[in-house]
Amino acid sequence: MDARNGFIDTIGRTPLIRLIGPSEATGCEILGKAEFLNPGGSVKDRAALAIVEDAVASGRLKPGGVIVEGTAGNTGIGLALVGNALGFRTVIVMPETQSQEKKDMLRLCGADLRLVPAVPFKDPGNYVHVSRRIAEELAQTEPNGAIWANQFDNLANREGHRRTTGPEIWEQTGGKVDAFTCATGTGGTLAGVGMALKERNPDVRIVLADPMGSALYAWKKTGELKAEGNSITEGIGQGRVTANLADAPVDDAVQVTDEEALPIIFDLLKDEGLVLGGSSGINVGAAIKVAKALGPGHTIVTILCDYGTRYQSKLFNPAFLREKNLPVPDWLA
Ligand code: PMP
């Protein structure tokens with residue numbers, strides 16, 4: 001029999017997919033780690049599981065306890081499903097600007113969803129701070145206690161990727177990987193995969209892929225956190241250096257605009273059958289830029305972060321794209 005043991009055992013061991021168009025266009029092997037095929041539909045299933053396992057192992061999360069988190073959505077979906085599988089309730093705090101599909105999915109999973117206005121991190125009403133305060137309150141009132149997952153600064157997040165995603169990429173490429181590109185929300189994927197690859201070969205180039213509106217490109221290039229422009233991508237872009245990112249082995253950063261990323265997403269769907277969200281477009285766009293800089297014959301790995309149906313009302317909605325002055329592909333118009 002070849003079967004995985006329930007939801008938890010189905011997280012990870014995702015395929016590595018050769019992206020045919022981008023590979024042919026650059027003369028490099030551009031490979032996407034298919035994190036959208038995790039059972040919760042995103043790369044964040046891994047972080048959710050790693051954080052919950054760490055909290056259980058340390059005794060902070062007890063049977064019947066509550067998991068509280070602030071999230072752009074995917075970590076919340078991962079935590080809610082891990083919680084369902086392991087017997088924990090979840091309270092999820094999310095900025096109201098995130099896609100309707102993620103909100104619907106969270107409610108479907110049984111999460112107690114609390115929507116808050118999208119305000120900057122320095123504002124006490126920011127979703128991250130609201131989630132921390134709810135966790136502190138519930139820790140006092142819940143019979144079995146509560147924890148704050150704290151994905152941005154909880155290093156169990158990147159350790160999960162260092163232990164699973166990174167080694168999987170190394171094995172799937174047989175160690176033939178010249179560069180890795182990855183956008184950053186918490187920085188867990190970039191840092192964890194980066195560390196795992198550098199531990200095996202210090203010459204692998206680790207490149208941060210940044211959307212417009214994020215401060216990390218300037219931070220890597222000049223040391224100063226500075227943001228310009230904006231992006232419709234969700235779950236990525238960051239205005240501060242999280243604990244997960246702080247000492248990550250990052251060699252360089254590239255900026256990718258929505259105008260560059262969206263046609264990649266549309267082509268991967270129409271020409272190759274891959275249904276991906278916006279952050280995957282930023283990641284593949286960065287891989288193409290790195291491939292062009294390195295020249296033909298190199299292997300660049302990136303992350304295909306989440307499933308595109310999560311953004312049907314935005315990324316794949318011609319009216320929304322027109323309103324944002326973004327390109328609308330013929331077949332979608
Ligand atoms: N893409 C999507 C769609 C996400 O939801 C996230 C996580 N917020 C990321 C990329 C970034 O992953 P990480 O938090 O590991 O930096």
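Everything quoted here is computed from the prediction, not taken from an experiment.

Calculation criteria
- Residues numbered from 1 in each chain as written.
- Predicted model: local features only at pLDDT ≥ 70, side-chain atom pairs only at ≥ 80, totals over all residues.
- Heavy atoms only, no water.
- Helix = DSSP H or I, 4+ residues; strand = E, 2+ residues; numbered from the N terminus.
- Expected span 1.5 Å × (residues − 1).
- Buried < 20%, exposed > 50% of the residue type's maximum accessible area, 1.4 Å probe, protein only.
- Near = heavy atom within 4 Å.
- Polar contact = N/O pair within 3.5 Å; in protein donor to acceptor, adjacent residues only side chain to side chain.
- Areas by Shrake-Rupley, 256 points an atom, 1.4 Å probe, with all protein chains shown as cover.
- Nonpolar A, V, L, I, M, F, W, Y, C, P; charged D, E, K, R; others polar.
- Contact = heavy atoms within 4.5 Å.
- Pairing = 2+ DSSP bridges.
- Axes fitted to C-alpha atoms, helices over the stretch in contact; angles between N-to-C directions.
- UniProt positions renumbered as here; feature names shortened; annotations may be inferred.

J.: In this structure, what is going on with helix α13 (residues 278–294)? I would like to understand it.
T.: Taking 1.5 Å as the rise per residue, α13 with 17 residues should run 24 Å; its terminal C-alpha atoms sit 25 Å apart, in good agreement. The buried count for α13 comes to 13 of 17 residues, which makes it a mostly enclosed element. Just beyond α13, the residue with positive phi is Gly295, at close to 95°.

J.: Can you help me understand the site of the ligand in this one?
T.: In the vicinity of the ligand lie 15 residues, with Lys44, Gly185, Thr186, Thr189 and Ser279 positioned nearest. A distance of 2.6 Å is found between an oxygen atom of the ligand and a side-chain nitrogen or oxygen belonging to Lys44. One nitrogen or oxygen atom from the main chain of Gly187 is found 2.9 Å from an oxygen atom belonging to the ligand. Look at the ligand: alone it shows 390 Å² of surface, and the protein chains cover 96% of it. Here the residues of the shell around the ligand sort into three nonpolar, nine polar and three charged.

J.: So what exactly am I meant to see when it comes to the side chain of Thr181 here?
T.: Checked against the element boundaries, Thr181 lands in strand β7 (residues 179–183). Only 3.0 Å separates the side chain of Thr181 from the backbone oxygen of Asn283, close enough to count as a polar contact. Discounting residues that sit within four places of it in the chain, Thr181 has contacts with Val207, Asn283, Ala286, Ala287, Val290, Ile300, Val301, Thr302 and Ile303.

J.: I would appreciate a short explanation of unusual backbone geometry in the present structure.
T.: Note: most peptide bonds trans; most residues except glycine with negative phi. One non-glycine residue with positive phi stands out, namely Arg13, at about 50°. Since its relative accessible area comes to 47%, Arg13 is described here as partly exposed. Of note, Asn150 is a non-glycine position whose phi angle comes to about 55°, a positive value. Exposure remark for Asn150: the relative accessible area of 17% places this residue in the buried category.

J.: How should the sheet that holds strand β4 (residues 89–95) be read in this particular structure?
T.: The strand order across the open sheet built from four strands is β5-β4-β3-β6, with neighbouring strands paired in parallel fashion. Of all the strands in the sheet, just β5 (112–116) and β6 (146–148) have a single pairing partner and so form its edges. Each strand of the sheet is rotated relative to its neighbour by a mean of 15°, with strand direction disregarded. Pairing of β4 with β5 involves five bridges; the strand directions are parallel. Each bridged residue has a counterpart across the sheet, and for Ile92 the counterpart in β5 is Leu113.

J.: Before we go on, may I ask you to explain the sheet that holds strand β8 (residues 205–211) in this structure?
T.: The strands that make up a sheet pair up through hydrogen bonds in the backbone, lying either parallel or antiparallel. Taken in spatial order, the six strands make up an open sheet running β1-β2-β10-β7-β8-β9, and their pairing is mixed. Of all the strands in the sheet, the pair left with one neighbour each is β1 (16–18) and β9 (252–256). For this sheet the average axis-to-axis angle between neighbouring strands, irrespective of direction, equals 30°. Pairing geometry for β1 and strand β2 (residues 29–34), over three bridges, is antiparallel. By the bridge assignment, Leu16 is partnered in β2 with Lys33.

J.: Would you explain the side chain of Gln151 in this entry?
T.: With respect to the element layout, Gln151 can be found in the loop between β6 and α7 (156–163). Taking relative accessible area as the criterion, Gln151 reaches 3% and is therefore assigned buried. Only 3.1 Å separates the side chain of Gln151 from the backbone oxygen of Gly70, close enough to count as a polar contact.

J.: What's the story with the UniProt feature "domain: Tryptophan synthase beta chain-like PALP" (unreviewed entry) in the chain in this structure? I'm lost.
T.: The feature "domain: Tryptophan synthase beta chain-like PALP" (unreviewed entry), as given by UniProt, occupies residues 10–306 in the numbering adopted here. The annotated region residues 10–306 carries 44% helix and 18% strand content, and the separation between its end C-alpha atoms amounts to 16 Å.

J.: Explanation requested: the pairing of strand β10 (residues 299–304) in the structure shown.
T.: β10 sits mainly inside the fold: six of its six residues count as buried. On β10, burial covers both faces: Thr299, Val301 and Ile303 on one face and Ile300, Thr302 and Leu304 on the other are all buried. Here β2 pairs with β10 via six bridges, running parallel. Residue pairing for β10: Leu31 is matched across the bridge by Val301. Direction of pairing for β7 relative to β10: parallel, over a ladder of three bridges.

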